[in-house]
Amino acid sequence: MNKGLNVNTAGFLTATQQFSEPKVNYIEALAFYDATLQTHPDRYAWTGRGSALLNLGQYEEAVTSYDRAIALQADETAWYHRGEALFHLGRYQEALRSYERALEIEPDFEAALYSKARTLTCLNQVELALQYLEATLELSPKEYGAILGKDSCFDGIRNHPTFQALINRSIN
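Bear in mind the structure is a predicted one, so any value in this text is a computation, not a measurement.

1. What to know about the overall build of the protein
Here's step 1: A tally of regular secondary structure across the protein gives 10 helices and zero strands.
Here's step 2: Written out in order from the N terminus, the α and β elements of the protein read α-α-α-α-α-α-α-α-α-α.
Here's step 3: By residue count, 47% of the 172 residues in the protein fall in the buried class.
Here's step 4: Entry remark: accessible area of the protein is about 8800 Å², with carbon and sulfur atoms responsible for 49%.

Below you can see the structure in the form of structure tokens.
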């Protein structure tokens with residue numbers, strides 16, 4: 001494991017990205033955050049722990065870690081990632097509420113807008129999902145346009161005229 005990693009405002013991302021093997025790096029990151037929490041039980045360490053767990057597919061534990069981070073100080077990142085864990089658990093209404101909380105803090109948070117659209121699609125709220133997709137693509141057309149075309153969450157609405165128009169607009 002890397003030595004001398006510090007938890008700071010971007011620490012949970014930086015530390016997680018510094019480990020080598022994809023699955024191993026999250027196991028090592030989890031050990032790092034567990035050790036960090038012994039001496040620095042702050043929101044960054046809890047968010048980092050949640051992110052390691054999320055990437056390991058341990059979604060329930062991830063939600064618990066994000067809840068601990070939010071209890072210390074709510075931020076858009078913890079709310080967003082909490083939503084991602086809940087989404088993977090199929091708890092779409094709760095995921096939606098988490099994305100909404102992230103967007104209350106940071107209205108132009110593209111990942112939260114996109115994930116809210118995905119979740120709304122799963123809840124069969126297609127028109128509202130399309131509005132959030134449009135908002136996402138207005139902020140970051142190339143990045144999310146490329147993802148949108150491959151995201152299986154949207155398979156059920158792929159032939160919708162508005163969806164097609166969004167894809168075409170993001171390509172051009």
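Now that the structure is up, let's keep going.
2. Topic: the confidence of the model for the protein
Here's step 1: Mean pLDDT for the protein: 88, with 86% of residues reaching 70 or above.
Here's step 2: Scored below 50 in pLDDT, residues 1-20 shows 39 contacts in the model against residues more than four places distant or in partner chains.

3. Let's talk about the environment of Y132
Here's step 1: Within the secondary structure, Y132 sits in helix α8 (residues 126-139).
Here's step 2: For the pair Y132 and K116, spaced 16 residues apart in the sequence, the C-alpha separation amounts to 7.0 Å.
Here's step 3: Each residue touching Y132, except ones within four places of it in the same chain, is listed here: L103, L113, K116, A117 and L120.
Here's step 4: Only 2.9 Å separates the side chain of Y132 from the side chain of K116, close enough to count as a polar contact.

What counts and what doesn't
Residues numbered from 1 in each chain as written. Predicted model: local features only at pLDDT ≥ 70, side-chain atom pairs only at ≥ 80, totals over all residues. Heavy atoms only, no water. Helix = DSSP H or I, 4+ residues; strand = E, 2+ residues; numbered from the N terminus. Buried < 20%, exposed > 50% of the residue type's maximum accessible area, 1.4 Å probe, protein only. Areas by Shrake-Rupley, 256 points an atom, 1.4 Å probe, with all protein chains shown as cover. pLDDT = per-residue confidence, 0-100. Contact = heavy atoms within 4.5 Å. Polar contact = N/O pair within 3.5 Å; in protein donor to acceptor, adjacent residues only side chain to side chain.

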